Amino acid sequence: MPAPSWRRAWRSHVWLVYLCLGLIAILVYGQFPTTGGPRAVRLVIYLCLSASAAGAVFLGLRRQELADRRPWLLIGISQVMYAIGDGAFYIFHYVLDITEYPALPDVLYLGHYPLFVVGLVLLTRRRTQERDIAGLLDGSMFLLAAVLLSWLYLIAPQVRADHDLFVGVTSVAYPAMDLALLGVAIRLVLGHGSRPPAFFLLAGNLLANLTADTIYVVQQTNGTFEVGNYLDAIWLTGNLALGAAGLHPTMVDLTRPASPRAQARSGRRLVALSSAGLVAPTVLAVQVIRGDLRDLLVAVAVSAIMMILIIVRMAGLEADQRRLAITDGLTGLRTRRYLETEMRLAAGRVRRTGSGMGLILVDVDHFKSVNDRFGHPAGDQVLTEVARRLLVVTRPGDVVARYGGEEFALLTLNVRGDALADIAERLRRGVGREPVRIVLPAPRVPDPPARTGESGAAGSAEPTRARGQARSGAGVRGDTGEESLLIAVTVSVGAAALPDHADDTFALVAAADRALYAAKAAGRDRVAVGSARPGHDVGGHDVGGHDVGGHDVGGHDVGGHDVGGHDVGGHDVGERVGSSRQPPAPDAVSAVVSRRTRW
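Reading the values: rules and limits
- Residues numbered from 1 in each chain as written.
- Predicted model: local features only at pLDDT ≥ 70, side-chain atom pairs only at ≥ 80, totals over all residues.
- Heavy atoms only, no water.
- Core = buried A, V, L, I, M, F, W, Y, C linked by side-chain atoms within 4.5 Å.
- Buried < 20%, exposed > 50% of the residue type's maximum accessible area, 1.4 Å probe, protein only.
- Helix = DSSP H or I, 4+ residues; strand = E, 2+ residues; numbered from the N terminus.
- Contact = heavy atoms within 4.5 Å.
- Patch = residues over 30% accessible without salt bridge, like charges linked within 9 Å, V, L, I, M, F, W, Y side chains within 5 Å.
- Areas by Shrake-Rupley, 256 points an atom, 1.4 Å probe, with all protein chains shown as cover.
- Salt bridge = Lys/Arg side-chain N within 4 Å of Asp/Glu carboxyl O.
- Pairing = 2+ DSSP bridges.
- Polar contact = N/O pair within 3.5 Å; in protein donor to acceptor, adjacent residues only side chain to side chain.
- Phe/Tyr/Trp six-rings, centres within 6.5 Å; stacked < 30°, edge-to-face > 60°.
- pLDDT = per-residue confidence, 0-100.

### Concerning the nonpolar core
Reasoning step 1: Judged by nonpolar contacts, the single largest core of 56 residues is most densely connected at Trp-72, Phe-116, Leu-120, Leu-181 and Leu-202.
Reasoning step 2: Among the elements of the structure, α1 (5-31), α2 (39-63), α3 (70-95), α4 (104-127), α6 (165-190), α7 (197-222) and α8 (231-247) are those that each provide at least two residues to this core.
Reasoning step 3: With nine residues, the single largest contributor to this core is α7.
Reasoning step 4: Ignoring any residue separated from it by four or fewer positions in sequence, one finds Trp-72 in contact with Val-57, Leu-61, Leu-66, Leu-123, Leu-242, Ala-245, Gly-246, Met-251, Leu-254 and Thr-255.
Reasoning step 5: Within the second largest apolar cluster, 36 residues are counted, among which are Val-393, Phe-408, Leu-420 and Ile-423.

What follows is the structure in structure tokens.
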């Protein structure tokens, strides 16, 4: 039985109520003095707010169905340890009058850091499934700048001070733990993934704690720290932000894998990176001007590491730009420009070595019908799957490119004669071996009446209306309303080789294009190979004839041009056309899909 609407509304806004009540409690907390009788009320408010953050996280874990509970579980346990540390601190100071440093509260405070850091690491790994080198480099630059500043103004003074061993170790441990927390926090912020409200609340907790901890160490170093000063308000606000993140409905989104996205290169990020890169040389200059050269080597080392990181980052950006320039955004194949460049280079090697190379053009049959019937997103899915299947059946070293629209191209080396025809036939069979599954979003527009007379047309499909889990090869409508169906996809293939069918790359493209035209004119879903130039024997077979694979294309007349002869639009064709099967009739295609949808 579904929960009443008022209860659902309450659950979706309980985080806001918690946050508002907590802020009011902080204001009340600040009104009580740190000495005298009312101090007990102040202590109770502080401990309740600190412990409430842990309770809110565990309540969120109970209410939400998380894909991975470990990150939030570790964060909640760390907050429990933090709250216990708060209780021990105030009991030591106000009840037992123990002000020694370090003491048991410091052990508890420092012990919560590793749990929180591990929880954030698991959360980041859960959100980011792929390697993000750019984000890692950017985060390293920010962290290096923080390490240098922390060493100069927080850690080094404690190391050089005449402290007891335990005092020195504890004083160094706080900024060191904060640096570890800062490192994973930067990785989380710069990484992939959505940024729902729970993300910003968690980031607010990290920012508040890191800020207060840094000021605390500075005050401890200067001897100005007083129990109950304004830092309590910052720590408590951070605790509230963590509790609100645990109660927010989008808490579950932080543990879901994120889809890859391009790294942001906004002006703010570039300004931040530039500022981080300038920290080391600026600090180095200040130290030299002040005449304090004790940390000169540290500043020089950080500057050198940052310079290396900047160089690596620039090299990565250049590689990304080059990859984007030569990669088709939809299919992931090479672009036509890249293919043409590789063709020119390969042609030079062919002339020097006397080897051969082949160009194969692949065109998806009746692709326009897919876009007309199912929409362009479905057409994009078909193109992506065709590209994947082409890559599966190609040889290592072959260049597969998207030539334009629904047309693909393959550049293959060291092939002559029948080997080229075999490769082309393997491509045709690899694409058409089984229907292509596409997913249509809901609600789906009713299909127009099925077209007839399109033999082997892409887009011939019969979706199954069953509900449930989609199985491989079955068309179904899932519980989300999306409909999965199968489309029979075939391709026409035209091939030509250098030097068998052409003298240069321009003639090679023209010969392959004429062969592709002949394959489409002969009925589609077949292979055509360019005719041999005079004086060239291709594999001992007559490729100037017209009967190959049992299919006679000598009798086809297309658009007034005699394909059976050698003149198509004024061009000498003389292609051979072959196919291992005739294009299936519309009834046959429907039968194939129907058989695959019965389970």
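Moving on from the model shown.
### Thoughts on a nonpolar patch on the surface
Reasoning step 1: Taken together, the side chains of Phe-58, Leu-73, Ile-77, Val-80 and Ile-84 define a hydrophobic patch exposed on the protein surface, amounting to about 380 Å² of accessible area.
Reasoning step 2: At four residues, the largest contribution of residues to the nonpolar patch is made by α3.
Reasoning step 3: Tracing the backbone shows Val-80 in helix α3.

### Some points on the pairing of strand β1 (residues 357-364)
Reasoning step 1: Of all the eight residues making up β1, eight are buried; the element is thus mostly covered by neighbouring parts of the structure.
Reasoning step 2: Every second residue of β1 is oriented toward a common face, with Met-357, Leu-359, Leu-361 and Asp-363 on one face and Gly-358, Ile-360, Val-362 and Val-364 on the other, all of them buried.
Reasoning step 3: Both β1 and strand β3 (residues 407-413) contribute to a ladder of seven bridges, which runs antiparallel. Following the sheet pairing, Met-357 is matched in β3 by Leu-413.
Reasoning step 4: Across eight bridges, the pairing between β1 and strand β7 (residues 491-498) is antiparallel. Following the sheet pairing, Val-362 is matched in β7 by Val-493.

### Considering the side chain of His-248
Reasoning step 1: Structurally, His-248 is set in the loop between α8 and α9 (267-290).
Reasoning step 2: Of the polar contacts made by the side chain of His-248, one reaches the side chain of Thr-250; its length is 2.8 Å.
Reasoning step 3: In this structure, His-248 is in contact with Trp-15, Gln-64, Pro-197, Ala-198 and Leu-201, ignoring residues within four places of it in sequence.

### Considering the side chain of His-93
Reasoning step 1: Locating His-93 in the fold gives a position in helix α3.
Reasoning step 2: Owing to a relative accessible area of 18%, His-93 belongs among the buried residues under this scheme.
Reasoning step 3: Not counting residues within four places of it along the chain, the set of residues in contact with His-93 comprises Ile-98, Thr-99 and Val-227.

### Here's the deal with the pairing of strand β6 (residues 483-487)
Reasoning step 1: Where burial is concerned, most of β6 is hidden: five out of the five residues are buried.
Reasoning step 2: Because side chains alternate across β6, one face comprises the buried residues Glu-483, Leu-485 and Ile-487, and the other comprises Ser-484 and Leu-486, equally buried.
Reasoning step 3: Relative to β6, strand β4 (residues 436-440) runs antiparallel, the two being bridged by five bridges. Counterpart to Arg-437 in the pairing with β6 is Leu-486.

### Thoughts on the packing of aromatic side chains
Reasoning step 1: Applying the stated criterion across every chain, the model contains nine aromatic pairs.
Reasoning step 2: Relative to Trp-235, the ring of Tyr-216 has its centre 6.0 Å away and its plane inclined at 65°; by these criteria the two rings are edge-to-face. Within this pair, whereas Tyr-216 is found in helix α7, its partner Trp-235 is found in helix α8, the two being separated by 19 residues in sequence.
Reasoning step 3: Cluster of aromatic residues (ring-pair linked, three or more members): Tyr-29, Tyr-46, Tyr-82, Phe-89, Tyr-90 and Tyr-109.

### Focus: the confidence of the model for the protein chain
Reasoning step 1: Looking at the protein chain, pLDDT values average 78 and 77% of them are 70 or higher.
Reasoning step 2: No element of the protein chain has a lower mean pLDDT than helix α16 (residues 586-597), which averages 28, and none a higher one than α8, which averages 94.
Reasoning step 3: The low-confidence segment residues 450-457, where pLDDT is below 50, has 16 contacts with residues more than four positions distant or belonging to other chains.
Reasoning step 4: Residue range residues 459-474 is modelled with pLDDT below 50. Its contacts to residues more than four positions away, or to other chains, number 61 contacts.

### Section: unusual backbone geometry
Reasoning step 1: Cis peptide bonds are those with omega within 30 degrees of zero, and the linkage from Leu-498 to Pro-499 qualifies with 10°.
Reasoning step 2: With respect to the helices and strands, Pro-499 occurs in the loop between β7 and α15 (505-521).
Reasoning step 3: A positive phi angle, near 55°, is found at Asp-97, a position not held by glycine.
Reasoning step 4: Positionally, Asp-97 belongs in the loop between α3 and α4.
Reasoning step 5: Judged by relative accessible area, Asp-97 falls into the exposed class, the value being 61%.
Reasoning step 6: Although it is not a glycine, Arg-524 sits at a positive phi angle of roughly 70°.
Reasoning step 7: Locating Arg-524 in the fold gives a position in the loop between α15 and β8 (527-529).

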